[in-house]
Amino acid sequence: MLRPFTLHRPETAEEACALLAGLGEDAAAYAGGTELLLLMKLGLLRPRHLVDVKRIPGFNEIDARPHGPNGARLTTSARLTIGAAVTHRAVERSPLVGARCPLVASVARHVANVRVRNVGTVGGNLAFADPHSDLATLFLTLDASVELVSPRGRRELPLGDFVRGPWETARAADELLASVTLTPWGGDTAAAYVKFGVHERPTLAVAAALRLDGTAGARRGGDRIVNARLAIGCVGPTPVRVADAEASLRGASLADLEDAARAAAEVAAAGADAADDLHGSADYKRAMVAVFVRRALGIAAARARGAEPAARFPHAVVA
Amino acid sequence: MTIHVTVNGRPRELDVAPHALLLDVIRDALELKGAKRSCDAQVCGACTVLVDGLAVSACTYLAVEADGHSVLTVEGLAEGESLDPLQRAFVDAGAVQCGFCTSGMLMTAKAMLAEQARPSRDDVLHYLRGSLCRCTGYRKIVEAILTAAEAAR
């Protein structure tokens, strides 16, 4: 059962922000409700007003933008902007996402279950800042930034700055999360996302992307890692990029990746800010981070060679 | 708020509160008891209904969101005495133990077959993630869905 509330359905972002500003703590932005309504049923949140953002123009759109944040024209790949009210299912099925960021479409296909994907939104997922968010972990490796709108104007924040802690973001009370913008990788990059856990919210997640030398990566003979991106989710208070582990992979060749992957996995595990909880002890999580970083890197390396490993790990999903 | 919803093919005008959940409206106002409240948290699938063909958890879905849309519940699958091919396949395969999850399984499968006419076993397993049978009778449910898909060709 839900406690009674007033439902507002603004037609513009300005109207929505004015409502949020005027109602303050009494209001909550509402899109799919897959997180919000749950917490309201439990009585953990008790907003007396819901501000439905689904009718705001642009909030339901997926859009390729040819310009970078500073207005410079990007030559290799357009950025991809996903409106806050776009559902996981729409991301999964979007030809644009499939073409520009295939791994994002693949990860979207594995968020929660089909009912949640049909209703839950990208914006809601990021704004809730659940440490177990698949999208936040993956998006960190795509240099994501979020766009916030308020009566004071618009601002763009790197996703890593937006997510401040578990269930905590940099969003002010009168601000709305309008969209998230990703910077797709080029054809010289191979990637993998692996999550592990027996519950719907994973115990840990690893996103790995390897950029290889040569214009089209390993399939054209590129063998050396010129840049690695590695993000770890679920085990700590927020998903994080692990710069030290990324650095340890730089310059390694695919042929002897095993040693470099082992080193990167140890670095990532040692740096994980893991806590004991229902998903396991901190020690257990660190050990599993090492295991799954190695596996994710192995899958990304296989994909760089044009192979799709048939690897299946118990209680793990490979995207 | 007044909403206009087509439920199992029949247009309805309903007066619902903004905080009314679709599951309560279906079960209490419309007295359609097929969709069940079980986990109440979108993880089990027992309350699955289709809104414009998409599976949703009616337990965590505001009734006002269905305004202007079509809702299909398990009661809308059969035409009179004539079972939907999925229901027929469930009966033939014995894909029912206690029956509590059955309506959700049927509706989830209904949505899947509308999207994919030729699902593989893996497709079915993927689509059924988050549809729980606590009798653990999954094998026959999956068989029944594959049989229904085969029969529809």
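The rules behind the values
- Residues numbered from 1 in each chain as written.
- Chains lettered and ligands numbered in written order.
- Predicted model: local features only at pLDDT ≥ 70, side-chain atom pairs only at ≥ 80, totals over all residues.
- Helix = DSSP H or I, 4+ residues; strand = E, 2+ residues; numbered from the N terminus.
- Rg over C-alpha atoms; globule rule 2.2 N^0.38 Å.
- Buried ≥ 20, exposed ≤ 12 C-beta atoms within 10 Å, placed from the backbone.
- Contact = placed C-beta atoms within 7 Å.
- Nonpolar A, V, L, I, M, F, W, Y, C, P; charged D, E, K, R; others polar.
- Pairing = 2+ DSSP bridges.
- Axes fitted to C-alpha atoms, helices over the stretch in contact; angles between N-to-C directions.
- Domains from an automatic or database assignment.
- Core = buried A, V, L, I, M, F, W, Y, C linked by C-beta atoms within 7 Å.

A tally of helices and strands in chain B yields 5 helices and 5 strands. Along chain B, from the amino end to the carboxyl end, the secondary structure elements read β-β-α-β-β-β-α-α-α-α. Against the globule reference of 15 Å for 153 residues, chain B gives a C-alpha radius of gyration of 15 Å, in line with a compact fold. For chain B, the proportion of its 153 residues judged to be buried stands at 44%. In chain B, once contacts between residues fewer than 6 apart in sequence are set aside, the share between residues at least 24 apart is 62%.

The helix and strand inventory of chain A stands at 12 helices and 15 strands. Relative to the compact-globule value of 20 Å for 319 residues, chain A shows a C-alpha radius of gyration of 20 Å, a close match. Here chain A holds 319 residues, and the buried ones make up 52% of them.

All names here are of chain B. The phi dihedral of Asp40 falls on the positive side, at around 65°, and the residue is not glycine. Within the fold, Asp40 resides in the loop between α1 (22–29) and β3 (48–51). Phi at Asp52 takes a positive value of approximately 50°, unusual for a residue other than glycine. In this structure, Asp52 sits in the loop between β3 and β4 (54–57).

The next subject is the interface of chain A and chain B. Between chain A and chain B, the residue contacts involve 19 residues of the former and 21 residues of the latter. If you list the elements that add at least two residues to the side of chain A that touches chain B, you get β1 (6–8), α2 (36–41) and α6 (114–119) of chain A. In terms of residue count, α6(A) provides more of the side of chain A that touches chain B than any other element does, 5 residues in total. By residue class, the composition of the side of chain A that touches chain B is 10 nonpolar, 5 polar and 4 charged.

This next bit is on the sheet that holds strand β2 (residues 27–30) of chain A. Residue and element names in this part refer to chain A. The strand order across the open sheet built from 3 strands is β1-β3-β2, with neighbouring strands paired in parallel fashion. At either end of the open sheet lies a strand with only one pairing partner, and these are β1 and β2. Pairwise comparison of adjacent strand axes, ignoring direction, gives a mean angle of 25° for this sheet.

A few words on the domain arrangement of chain B. All names here are of chain B. Taken domain by domain, chain B comprises domain 1 (2–76) and domain 2 (85–152). Of note, the centres of domain 1 and domain 2, computed from C-alpha atoms alone, are 21 Å apart. Facing the 15 residues of domain 1 at the interface are 13 residues of domain 2. Listed by contribution, the elements that provide at least two residues to the side of domain 1 that touches domain 2 are β3 and β4. Tallying contributions element by element places β3 first for the side of domain 1 that touches domain 2, with 3 residues. Its residues assigned to classes, the side of domain 1 that touches domain 2 shows 10 nonpolar, 4 polar and 1 charged.

This next bit is on the nonpolar core. Core analysis: the largest hydrophobic core is formed by 156 residues, its most contacted members being Val53(A), Leu176(A), Ala208(A), Ala264(A), Ala268(A), Ala300(A) and Ala58(B). For this core, the leading source of residues is helix α12 (residues 282–304) of chain A, giving 10 residues.

Let us now look at the environment of Gly33(A). Relative to the helices and strands, Gly33(A) resides in the loop between β2 and α2. Separated by 88 residues in sequence, Gly33(A) and Thr121(A) have C-alpha atoms that sit 8.5 Å apart. Beyond its immediate sequence surroundings of up to four residues, Gly33(A) is in contact with Val119(A), Thr60(B) and Leu62(B).

A separate point is the environment of Ala151(B). All names here are of chain B. The topology assignment puts Ala151 in helix α5 (residues 138–152). Distance in space between the C-alpha atoms of Ala151 and Ser120 is 14 Å, their sequence separation being 31 residues. Residues within four places of Ala151 in sequence aside, it is in contact with Pro85 and Ala89.

All names here are of chain A. Note: strand β6 (residues 145–150) against strand β7 (residues 153–158), 6 bridges, orientation antiparallel. Paired with Glu147 across the strands is Glu156, a residue of β7. Hairpin geometry of β6 and β7 is characterised by an intervening segment of 2 residues between the two adjacent antiparallel strands.

It is common to report an interface's size as the accessible area lost on association of the parts. All names here are of chain A. With domains assigned, chain A is organised as domain 1 (62–182) and domain 2 (189–305). Computed from C-alpha coordinates alone, the two centres of domain 1 and domain 2 are separated by 21 Å. Counting residues at the interface gives 17 residues for domain 1 and 18 residues for domain 2. Those elements that provide at least two residues to the side of domain 1 that touches domain 2 are α5 (102–108), α8 (134–140) and β8 (163–165). The biggest single contributor to the side of domain 1 that touches domain 2 is α8, with 5 residues. Looking at side-chain class alone, the side of domain 1 that touches domain 2 contains 9 nonpolar, 7 polar and 1 charged residues.

Now for the sheet that holds strand β12 (residues 204–212) of chain A. All names here are of chain A. Across the sheet, 5 strands lie side by side as β14-β13-β12-β11-β15; this open sheet has antiparallel pairing. The sheet is open, and its two edges are formed by β14 (240–241) and β15 (316–318), each paired on a single side. The pairing of strand β13 (residues 225–233) with β14 spans 2 bridges and is classified as antiparallel. Bridging from a neighbouring strand, Ala231 pairs with Arg241 of β14.

What follows deals with the pairing of β12(A). All names here are of chain A. With respect to burial, β12 is a largely interior element, 9 of its 9 residues being buried. What you see with β12 is no split at all: Leu204, Val206, Ala208, Leu210 and Leu212 on one side and Ala205, Ala207, Ala209 and Arg211 on the other are buried throughout. With 8 bridges connecting them, strand β11 (residues 189–196) and β12 associate as antiparallel partners. Note on β12: the bridge partner recorded for Phe196 is Leu204.

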